[in-house]
Amino acid sequence: MPDAAPDPAAAPDAPAAAVPGRRGRPGYDQQSVLNVAVDVFNRHGYEATSMGILAENLGITKSAIYHHVPSKGELLRLALDHALDGLEAVLDDPRASDGAADVRLEFVLRGTIEVLTERLPFVTLLLRLRGNTEIERTALARRREFDHRVADLVDAARREGSVRSDIDPRTTTRLLFGTINSIVEWYRPGGPLPAQKLADNIITMVFDGLHTRLDPGSA
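Bear in mind that the values here come from a model prediction, so they are computed numbers and not experimental data.

### Notes on helix H5 (residues 101-118)
Note that an α-helix has 3.6 residues per turn; residues three or four places apart therefore point the same way. For H5, built from 18 residues, the straight-helix expectation of 26 Å at 1.5 Å per residue is met to within 8% by its first-to-last C-alpha distance of 26 Å. Within H5 the residues assigned to the buried category are Ala101, Arg104, Leu105, Phe107, Val108, Leu109, Gly111, Thr112, Ile113, Val115, Leu116 and Thr117. Buried residues along H5 sit in contact with helix H4 (72-92), helix H6 (120-127), helix H7 (134-160), helix H8 (169-181), helix H9 (183-186) and helix H10 (195-208).

### Here's the deal with the layout of surface pockets
By volume, the largest pocket amounts to about 490 Å³. If you go around the largest pocket, you meet 15 residues; those closest to its centre are Arg164, Thr172, Leu176, Val206 and Phe207. In the lining of the largest pocket, the residues fall into nine nonpolar, four polar and two charged.

### What about the packing of aromatic side chains?
Enumeration over the complete set of coordinates arrives at three aromatic pairs. An angle of 80° between the planes, with centres 5.1 Å apart, marks the rings of Phe41 and Tyr46 as edge-to-face. Accessibility assignment for this pair places Phe41 and Tyr46 in one class, buried. With a centroid separation of 5.7 Å and 70° between ring planes, the pair formed by Phe146 and Phe177 is classed as edge-to-face. Remark: Phe177 occurs in helix H8 and Phe146 occurs in helix H7; sequence separation between them is 31 residues. The pair formed by Phe146 and Phe177 is uniform in burial state, with each residue classed as buried. One Lys or Arg, Lys72, reaches over the ring of Tyr46 and ends 4.3 Å from the middle of that ring.

The rules we used
Residues numbered from 1 in each chain as written. Predicted model: local features only at pLDDT ≥ 70, side-chain atom pairs only at ≥ 80, totals over all residues. Heavy atoms only, no water. Helix = DSSP H or I, 4+ residues; strand = E, 2+ residues; numbered from the N terminus. Expected span 1.5 Å × (residues − 1). Buried < 20%, exposed > 50% of the residue type's maximum accessible area, 1.4 Å probe, protein only. Contact = heavy atoms within 4.5 Å. 1 Å grid on protein atoms, 1.4 Å probe; cavity = no way out; pocket = protein on both sides within 12 Å on 5 of 7 lines; lining within 4 Å. Points joined across faces, edges and corners; volume = space filled by probe spheres on them. Nonpolar A, V, L, I, M, F, W, Y, C, P; charged D, E, K, R; others polar. Phe/Tyr/Trp six-rings, centres within 6.5 Å; stacked < 30°, edge-to-face > 60°. Lys NZ or Arg CZ within 6 Å of the ring centre and 35° of its normal.

What follows is the structure, encoded as structure tokens:
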């Protein structure tokens, strides 16, 4: 996904996707700690969030957090892995590598939108990285690799003649994901726009544009 980060506004209030985790202290597990941590990171920023702030939001002591994870950095790593693993799984799906390039590209775009809407707080955190720690730099490298693989797919569709050839594939990729990434700033899961309809709207706009098609028979 492109490296440009969205404006650091408050993350949309959305239920965090489930993340497998080990059991910890009664009433909490690693998943619930991680879900709250991601919400706090998105609201305050990772660097500005202390373990004390996390403990306050969780309603437990700092030592109780350490029962679940060894450090704040580990919470960040787990959260970013959850976002990136979902995105990379889309490209690793056989449907992303078999068939016509434009059909594969549509599958990847739909899959990316699905991951974003299902794991919205986690992808929001990923999109706001600044690369100030080794964990962040590793995640950004994975994002760039994702970006490159999608650009290669756009280029394949261009060579096949199924998409326009007058725009550089990497520019096309950035424009595509600029649109998709902006979802984190305004989309509300459970709202009036279902995720499937959102994906349909984006795919239609990307592949068909906004101009209406005049019926030849009506001319």
